[in-house]
Amino acid sequence: MSAALAPYAAHDQQSRGRRYPEPPPQYRSEYQRDRDRIIHSNAFRRLAYKTQVFVNHEGDLYRTRVTHSIEVAQIARTIARALALNETLAEAIALAHDLGHTPFGHAGQDALNDCMQEYGGFEHNLQSLRTVDELEERYAQFPGLNLTFECREGILKHCPIAKARELGDVGERFLQRRQPGLEAQLANLADEIAYNNHDVDDGIRAALITLEDACTVPLVGRQFEEVQRLYPQLQGRRRVHETVRRMVNALVVDVIESSQERLRAAAPADIDAVRERSHPLIGMSETMRAEHLELKQYLREQVYRHQRVLRMTTKAKRVVTELFEAFMRELKLLPAEYRDAALRSEARDGIDGRARTVSDYIAGMTDRYAILEHSRLFDPAERT
C-alpha cells in the first residue's frame, strides 16, 4: 500500500509510534489497527445515541454522532485516495474525532464547559484525546486505546496553549504553530463538509427550513437550480437528497483540486515537511470557502437558533448543569467506579481532579441516559 502513497503521506514505517510500545500487527497496518480499536471502543458505540443537532429521541432518521462520523469518514477516504494520502489513517481520525462529545451536542458541551470553568474547562476535542488515551478500558497492557501518534495528532484539531504544554508530543505543534499531517488536515475539513451540508438535510426534514428557503445561500441555490434543470419533475425527499449530495460533491471536488494545486506548489518532501509549514495545504478555494462560510452562517441563524431547537437546548443545558452540581456536592450519587475514581483524582489533584472525573462521567452519557439519570436524581416518582 505504501508504494502507492505520495511521499508526503503518512507511511506506517515512518510512524512516530504509540505511547506504549507494542509488537507490529499481523496482517494489518498500524493505522488499520487504530481504526479497528476505535470501532470496537465503548465510546464509539455510545455515539449512536448522542445527538448531532436533534436530541436522540426526537426522531429515528436524524443524524446522530455515529452516523455523522461515518459520513465524515466516507468523505475523508475519498479525498485521501484522490490525493494519494493514507486513506486508512484519514478514516481512523474521522471515526474518532467526536468520541469525547457530550450528550446534547454543542449545548451539552457549552453547559459542561460552563460548569468546569473553575476546574480547567471542558472541550470535546480534548476530551476525545483523553478518551482514547486514558478513559477507554479494554486492554491488559495499557490504559486507553494506545493509538499511533499520527492518529492522536489528527484527533486533536485545536488546543489552547496552556493545555498544549500538558500534552507532550501531540501538543508541541500548537506551541510551535506548526501543522499536523495531511490526513489530519483533510479529516478536519471532511468534518465541516459533512455537518454543514447534512444539517441542511436534517433541518429540512424537521421542517425548520425549506429547500426553497435555503436556496438564498449560493452553494445551495446553484445545485438546486441544476437539479431543477435536469429533473424538473423531481419532488419531495429525492429532490432534497439530490441537491444535498451535489453540494457535498461540489465541495469535495473543490477541496481535492485546490489541495492538488497547493501540494504541487509546495512540493513537501515528506510528512515532516508538511508539519513544518505555518498554514495547512489541504483546503478549499477562496470562492468556495466564502460560500461555505455563508452556509454556516445561514444554518446558525435558521436552524441552530430556531425556536424549537433553542427550547430543547435550554432543557439540555439544565440537565447537564444540574447533574454536574449534584455529583460535585455528593460523590456517593455516582456509580461506584466513578465515585472511586473521583476520590483518587481528588486525592491526587484536589477539587480539580474531582470535577474532571464528574465531567468524564457526564461527557460519556448518551442523550437518553442523561435524561434518565436526571429523572432518577430529581423526580421523586422515578425509581433510583
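Summary of the structure given here. (Residues numbered from 1 in each chain as written. Predicted model: local features only at pLDDT ≥ 70, side-chain atom pairs only at ≥ 80, totals over all residues. Heavy atoms only, no water.)

**As for the overall build of the protein chain**
Part 1 of the argument: Assigned secondary structure in the protein chain consists of 19 helices and 0 strands.
Part 2 of the argument: Computed over the C-alpha atoms, the radius of gyration of the protein chain is 22 Å, within 12% of the 21 Å expected from 2.2 N^0.38 for a compact globule of 384 residues.
Part 3 of the argument: Structurally, the protein chain occupies a C-alpha span of about 60 × 50 × 35 Å along its principal axes.
Part 4 of the argument: Split into buried and exposed, the 384 residues of the protein chain put 54% on the buried side.
Part 5 of the argument: Counting contacts in the protein chain only where the partners sit at least 6 residues apart, residues at least 24 apart contribute 71% of the total.
Part 6 of the argument: Element-wise, carbon and sulfur atoms account for 48% of the exposed surface of the protein chain, whose accessible area totals about 18,100 Å².
Part 7 of the argument: Of the side-chain charges in the protein chain, 54 are positive and 58 negative, and the distance between the mean point of each set is 2 Å. (Helix = DSSP H or I, 4+ residues; strand = E, 2+ residues; numbered from the N terminus. Rg over C-alpha atoms; globule rule 2.2 N^0.38 Å. Buried < 20%, exposed > 50% of the residue type's maximum accessible area, 1.4 Å probe, protein only. Contact = heavy atoms within 4.5 Å. Areas by Shrake-Rupley, 256 points an atom, 1.4 Å probe, with all protein chains shown as cover. Lys, Arg positive; Asp, Glu negative; His and termini not counted. Charge placed at Lys NZ, Arg CZ, Asp CG, Glu CD.)

**A closer look at the pattern of salt bridges**
Part 1 of the argument: Within this structure, the stated rule accounts for 32 salt bridges.
Part 2 of the argument: A salt bridge links Arg 19 to Glu 134, with the nearest nitrogen and oxygen atoms 3.2 Å apart. Placement of Arg 19 in the segment before α1 (30–39) and of Glu 134 in helix α6 (residues 124–135) is noted, with a sequence separation of 115 residues between them.
Part 3 of the argument: Salt bridges linked by common partners bring Arg 28, Arg 35, Asp 36, Arg 77, Arg 81, Glu 87 and Glu 91 together as one network. (Salt bridge = Lys/Arg side-chain N within 4 Å of Asp/Glu carboxyl O.)

**Section: the nonpolar core**
Part 1 of the argument: Grouped together as the largest cluster of nonpolar side chains are 80 residues, with contacts concentrated most on Ile 38 and Leu 85.
Part 2 of the argument: Setting aside residues no more than four positions away along its own chain, Leu 85 makes contact with Leu 5, Tyr 8, Ala 9, Ala 80, Leu 182, Glu 183, Leu 186 and Ile 282.
Part 3 of the argument: Tyr 119, Ala 316, Ala 355 and Ala 363 belong to the second largest nonpolar core, which has 24 residues in total. (Core = buried A, V, L, I, M, F, W, Y, C linked by side-chain atoms within 4.5 Å.)

**Description of helix α3 (residues 65–82)**
Part 1 of the argument: For α3, spanning 18 residues, the distance from its first C-alpha to its last is 26 Å, which sits close to the expected 26 Å at 1.5 Å a residue.
Part 2 of the argument: As for α3, its buried residues are in contact with α2 (42–46), α4 (87–96), α5 (105–115), α10 (182–205) and α13 (236–266).
Part 3 of the argument: Once α3 ends, the next one or two residues include Ala 84, with phi positive near 60°. (Expected span 1.5 Å × (residues − 1).)

**Things to note about the environment of Pro 143**
Part 1 of the argument: Summarising the element assignment, Pro 143 is placed in the loop between α6 and α7 (149–155).
Part 2 of the argument: Pro 143 sits 149 residues away from His 292 along the chain, and the two C-alpha atoms are 39 Å apart.
Part 3 of the argument: What Pro 143 contacts, discounting residues up to four positions off in sequence, is Tyr 20, Asp 133, Glu 134 and Glu 136.

**Comments concerning the packing of aromatic side chains**
Part 1 of the argument: Inspection of the entire model under this criterion finds 6 aromatic pairs.
Part 2 of the argument: The interplanar angle of 35° and the centroid separation of 5.3 Å between the aromatic rings of Tyr 139 and Phe 142 together place this pair among those described as tilted.
Part 3 of the argument: Take Tyr 139: its relative accessible area is 27%, and that puts it in the partly exposed class.
Part 4 of the argument: According to the relative accessible area criterion, Phe 142 is buried, its value standing at 6%.
Part 5 of the argument: Note on Phe 327 and Tyr 361: the rings are 5.4 Å apart at their centroids and 65° apart in plane angle, and the pair reads as edge-to-face. One end of the pair, Phe 327, is in helix α16 (residues 307–329); the other, Tyr 361, is in helix α18 (residues 351–363), with 34 residues separating them in the sequence.
Part 6 of the argument: On the basis of relative accessible area, Tyr 361 is assigned to the buried category, the value being 6%.
Part 7 of the argument: One cation-aromatic arrangement involves Arg 37 over Tyr 139; the distance from NZ or CZ to the ring centre is 4.8 Å.
Part 8 of the argument: The cationic tip of Arg 368 hangs over the ring face of Tyr 49; the distance from NZ or CZ to the ring centre is 4.0 Å. (Phe/Tyr/Trp six-rings, centres within 6.5 Å; stacked < 30°, edge-to-face > 60°. Lys NZ or Arg CZ within 6 Å of the ring centre and 35° of its normal.)

**Quick look at the environment of Ala 273**
Part 1 of the argument: Tracing the backbone through its elements, the reader meets Ala 273 in helix α14 (residues 271–275).
Part 2 of the argument: Measuring from C-alpha to C-alpha, the distance between Ala 273 and Phe 149 comes to 16 Å, with 124 residues separating the pair along the chain.

**Some details on the layout of surface pockets**
Part 1 of the argument: Taken as a whole, the largest pocket spans an internal volume of roughly 1,300 Å³.
Part 2 of the argument: Arg 130, Glu 134, Leu 135, Arg 356 and Asp 360 are, among the 43 residues lining the largest pocket, the residues nearest its centre.
Part 3 of the argument: Among the elements of the structure, α2, α6, α17 (336–349) and α18 are those that each provide at least two residues to the lining of the largest pocket.
Part 4 of the argument: Tallying contributions element by element places α6 first for the lining of the largest pocket, with 8 residues.
Part 5 of the argument: Grouping the constituent residues of the lining of the largest pocket by class yields 13 nonpolar, 11 polar and 19 charged. (1 Å grid on protein atoms, 1.4 Å probe; cavity = no way out; pocket = protein on both sides within 12 Å on 5 of 7 lines; lining within 4 Å. Points joined across faces, edges and corners; volume = space filled by probe spheres on them. Nonpolar A, V, L, I, M, F, W, Y, C, P; charged D, E, K, R; others polar.)

**Here we look at the packing of α4 against α10**
Pairs of packed helices are described in terms of their axes, by the angle between the two and the distance that separates them.
Part 1 of the argument: For the pair α4 and α10, the least separation of the axes is 9 Å and the interaxial angle reads 45°. Considering the angle they form, α4 stands oblique to α10. Viewed along their axes, α4 and α10 form a crossing whose handedness is right-handed. Every residue of α10 that contacts α4 at Leu 89, Ala 90, Ile 93 and Ala 94 is listed here: Glu 183, Ala 184, Leu 186 and Ala 187. (Axes fitted to C-alpha atoms, helices over the stretch in contact; angles between N-to-C directions. Parallel < 35°, antiparallel > 145°, perpendicular 65-115°, else oblique. Left-handed = near helix turned anticlockwise from the far one by under 90°.)

That's the geometry; what it means functionally is another story.
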